Amino acid sequence: MGAASMHPLAGGPAALIWLLPVLPLLGFLINGALSLLPAARTHGRGAPEGAGGTDDIHGGPAHDALAPYAGLVSIIGPTVIGLAFALAATVFASMLAVPRAALVAAGPYVARYAEWMPAGDLHVDWAFQLDQLSMVMILVITGVGTLIHIFSIGYMRRDPGYARYFAYLNLFVAFMLVLVLGANYPVMFIGWEGVGLASYLLIGFWFAESSNASAGRKAFIVNRVGDFGLLLAMFLLFANFGTLDFVALNHAYAALAVGSSLATLICLFLFLGCAGKSAQIPLYIWLPDAMAGPTPVSALIHAATMVTAGVYLVARSGVLFALAPAASLVVALVGAITALFAATVGLKQWDIKKVLAYSTISQLGYMFMAAGVGAYTAAVFHLVTHAFFKALLFLGAGSVIYALHEAYHATHRDDEDAQDMRNMGGLRRTMPVTFVLMWAATLAIAGVPPFAGFFSKDQILGAVFERASSSSAFRELSFLGLSGSAWLYVVYAIGLITALLTAVYMTRMMLYTFHGANRTGEGERPHLREAPWVMTAPLAVLGVLTVVGGWLNIPAIASFAGPVGALDRWLDPVVGAPSASLAGARAGAEPHAASSPEAMLIGAAVAIAILGIVLAVVLLKPARLVAKDAYAAPESGVERTLRHAYYVDEAVDRGIARPLMTFSRNVLWRGVDGGIIDGLFVRGSALAARGAGWLGSQAQSGSVGNYAWVVAVGALVVIGVVAFG
Amino acid sequence: MIAQALVIAAGLFVIGVVGVLTRRNALVLFMCVELMLNAVNLTFVALSRLHGGTLGQAFVVFVMTVAAAEAAVGLAIVIAVFRHFGTVDLRNISLLRG
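Residues numbered from 1 in each chain as written. Chains lettered and ligands numbered in written order. Predicted model: local features only at pLDDT ≥ 70, side-chain atom pairs only at ≥ 80, totals over all residues.

### Quick word on the interface of chain B and chain A
Stage number 1. Listed per partner, the contact involves 11 residues of chain B and 10 residues of chain A.
Stage number 2. Classifying every residue of the side of chain B that touches chain A by side-chain character gives 6 nonpolar, 2 polar and 3 charged. (Contact = placed C-beta atoms within 7 Å. Nonpolar A, V, L, I, M, F, W, Y, C, P; charged D, E, K, R; others polar.)

### Concerning the confidence of the model for chain A
Residue and element names in this part refer to chain A.
Stage number 1. Averaged over every residue, the pLDDT of chain A is 87; residues scoring 70 or more account for 93%.
Stage number 2. Below a pLDDT of 50 lies the segment residues 1-5, which in the model reaches 8 contacts outside its immediate sequence neighbourhood of four places, other chains included.
Stage number 3. Low pLDDT (under 50) marks residues 41-62, which in the prediction has 22 contacts with non-local residues, meaning those over four places away or in another chain. (pLDDT = per-residue confidence, 0-100.)

### Side note on the nonpolar core
Stage number 1. Ranked by internal contacts, the top residues of the largest apolar core, which has 237 residues, are A:Phe172, A:Met369, A:Ala370, A:Ala379, A:Ala391 and A:Val464.
Stage number 2. Broken down by element, this core gets its largest block of residues, 24 residues, from helix H17 (residues 376-410) of chain A.
Stage number 3. Setting aside residues up to four positions removed in sequence, A:Phe172 forms contacts with A:Val195, A:Ala198, A:Leu202 and A:Ile301.
Stage number 4. Counting residues in each nonpolar core, the second largest holds 6 residues, with B:Val20, B:Ala26, B:Leu29 and B:Cys32 among its members. (Core = buried A, V, L, I, M, F, W, Y, C linked by C-beta atoms within 7 Å. Buried ≥ 20, exposed ≤ 12 C-beta atoms within 10 Å, placed from the backbone. Helix = DSSP H or I, 4+ residues; strand = E, 2+ residues; numbered from the N terminus.)

### Some words on the pairing of strand E1 (residues 109-119) of chain A
All names here are of chain A.
Stage number 1. Alignment of E1 against strand E2 (residues 122-130), held across 9 bridges, turns out to be antiparallel. Directly across from Glu115, in E2, lies its bridge partner Asp125.
Stage number 2. Between E1 and E2, which pair antiparallel in sequence order, lie 2 residues; one of them, Gly120, sits at a positive phi of approximately 60°. (Pairing = 2+ DSSP bridges.)

### Structural notes on the environment of A:Arg508
All names here are of chain A.
Stage number 1. Summarising the element assignment, Arg508 is placed in helix H21 (residues 484-514).
Stage number 2. C-beta crowding within 10 Å serves as the criterion here: with 24 such atoms nearby, Arg508 is assigned to the buried category.
Stage number 3. Sequence-wise, Arg508 and Gln132 are 376 residues apart; in three dimensions their C-alpha atoms are separated by 38 Å.

### Quick notes on the environment of A:Ala517
Residues and elements named next belong to chain A.
Stage number 1. Position of Ala517 among the secondary structure elements: in the loop between H21 and helix H22 (533-548).
Stage number 2. On the basis of neighbour counts, which here come to 9 C-beta atoms within 10 Å, the residue Ala517 falls in the exposed class.
Stage number 3. Along the primary structure Ala517 and Ala537 are separated by 20 residues, whereas in three dimensions their C-alpha atoms are 27 Å apart.
Stage number 4. Among residues more than four places away in sequence, those in contact with Ala517 are Gly425, Gly426 and Ala623.

### A short note on the confidence of the model for chain B
Stage number 1. Overall, the predicted model of chain B reaches an average pLDDT of 90, with 97% of residues at or above 70.
Stage number 2. Across the whole predicted complex the pTM is 0.81, and at the interface the ipTM reaches 0.83.

### Observations regarding unusual backbone geometry
Residue and element names in this part refer to chain A.
Stage number 1. For the bond from Ile281 to Pro282, the omega torsion is 5°, close enough to zero to count as cis.
Stage number 2. By secondary structure assignment, the location of Pro282 is in the loop between helix H10 (261-277) and helix H11 (286-289).
Stage number 3. Looking along the chain, the bond that leaves Pro449 and enters Pro450 is cis, with omega of 5°.
Stage number 4. By the secondary structure assignment, Pro450 is in the loop between helix H19 (432-446) and helix H20 (452-469).
Stage number 5. Of note in this structure, Ala279 is not a glycine but carries a positive phi near 55°.
Stage number 6. Mapped onto the elements of the fold, Ala279 is located in the loop between H10 and H11.
Stage number 7. A positive phi angle is found at Tyr647, which is not glycine, with a value near 55°.
Stage number 8. With respect to the secondary-structure elements, Tyr647 resides in the loop between helix H25 (637-643) and helix H26 (648-699).

### Quick notes on helix H8 (residues 210-241) of chain A
Residue and element names in this part refer to chain A.
Stage number 1. In this model H8 runs 46 Å from its N-terminal to its C-terminal C-alpha over 32 residues, within 8% of the 46 Å that 1.5 Å per residue would give.
Stage number 2. The axis of H8 is deflected most strongly, by about 30°, at Val225.
Stage number 3. Those residues of H8 that sit buried are Ala215, Gly216, Lys218, Ala219, Val222, Asn223, Gly226, Leu230, Ala233, Met234 and Leu237.
Stage number 4. At its buried positions, H8 is contacted by helix H7 (185-203), helix H9 (246-252), H10 and H11. (Expected span 1.5 Å × (residues − 1). Bend = angle between axes of the 7 residues up to and from the residue.)

Following this line, the structure appears as structure tokens:
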């Protein structure tokens, strides 16, 4: 423990942070063991909980029965996460109890548990670090995680792989906590890879269908590209600074000059890793396919937590990014382009989960915009609010999908698409709770006050505008003939356009899902009903968070509503200095000063959000929609391009995947493996040995005379060597 | 005196070697081998006399003993070969070819 024993947090609940990942890991072990046990006799058919289980007269027991050990799994799975959340809340309370000045002075609380890699100059410990940033992440992960675990009880309880599902989900939370708690890059990388593994397992959860298994593989492979960058960044960090601990590195960076090429290079490699994990251009392509997993998984992993790991990493490495304004500008630009790109694609998706997937990519783009301009607090703020409203949207979509699935199941049309919005419509009458809550989340993501998304998105746009207009570190930069400030204005403009598109596509999703007439089918309509309470209750909690989440960080202009900039103050010890450095301001300056341009900016953002919603309501005609397989009016070229996401997948397939396959097959397999390794080395060495054997056997003539000659000549040679050598 | 003895011994040895290398009859081969052995014996005796010791002569007794034993075993093998192949011409006997 060493120096940590002097820390104000030492001895308190913070000493138990090792328990945070251990609890879910325990859940993983128990649930995993249960999933491997032979299925016990399940108690009867149908669901004792009621909802949906009453009319399954002809249903087969395989589908309608509860999963094996469902009771035990339902208790263990969410409980371990709930306990972790309780512990996190206790730790948070203990952090709040310590006077702020003492906490800031002491720096992060680092707990070392064991030596991991003592190799030469490299010293990597199993160490956890607790500071204000990891605290926020822990609370989000365990809090939203608990809600999603509870929702999963309802959503997955009839799945035969129920125990396996919770095992994977627990495993994910364990690794995610390692990711945010790691006190150095390698420990963080363990979590980073671990969540990738859990993501892979859960995307391919229904692996019997080969497209789901492929989607899992795609996520894994695309992430490898990003991890390659992250690893290179780690190598460079160690080669140049001799350590990989966050605290030590932050001190070592002092030797670097602002704008040094080393810092820029490391940051760009780090960002490559972030682009993979957080689905940014060009590595976003795995996230839409990741929707093949169960919907709560999409909510937890592919919206609320794992995909935000990249944002966390940038914020965690903020001190380094502050030294590399060029790399930061790249982050902001990539974020902006991704946000706009994904938002346009989201306009034309029919699959409700695909809409949300592209929306997630778009919102992650916002976070990187903020992280890129050094507004790390804004990025983390949006990360938190996004976790609330996007988890709510995904779980709401899950509730809708569940309802449709149950309805189709009741009428034995199981092969109908329960995720296609053309099969929905008019669900506001049958699912009022989901309807209201999802509208709250939609208003939040669109940026309508006073919902959470408004505050965070406004802070991001405000920060971008402020950096563009003030003498920030970006002013000196020049890229493609434009100054860094000009590019930031471009980022800001893209942010505004994306805000408009966000409002449009989210309203479109709501209109097609909940409004208009129902298109599910005559037979199914009576079977549509609201999900059971175990699913709606987490929705309601998330709904409350979606509404009040913005209070975490109220802008100065709304100071009447409560304490201004709570999150700003909270995160300032971690990200304040790099943030101020990039903004060109003095460290410790008041981050949020109310001014009239800010009021104008907020006004513009709100106007744009409302404009988007109105546009969608006026322009879209849910009444004209027909069910998925019925005849529909042909699409225009633009629509088709958007629906196919600009054919990027096809382009990647033709341009990268297939040439790579051809190259691998013809050159690597047939040429290198078949020709050189098998042909030259394996068969060649066998041939050489056989040839040498044949030659040697020719000497064995069996004729005594020949042997005598050999002996005689040999003797002469030996005598010659002895006599004259 | 010693020179003549050594020259005769060398000549006998060469005759023996040439015989072993050129002749194919197993019995002739044997006689050639004996010739070589005795050439060596002659050398031993001559050098022993030159040095005035008796060690070389003692060796000759050993060599003759071993040669007698070798002749007994060798002739037995030759008889076995003749019974099996009906000939002692070594050109035709190459069953140990690799």
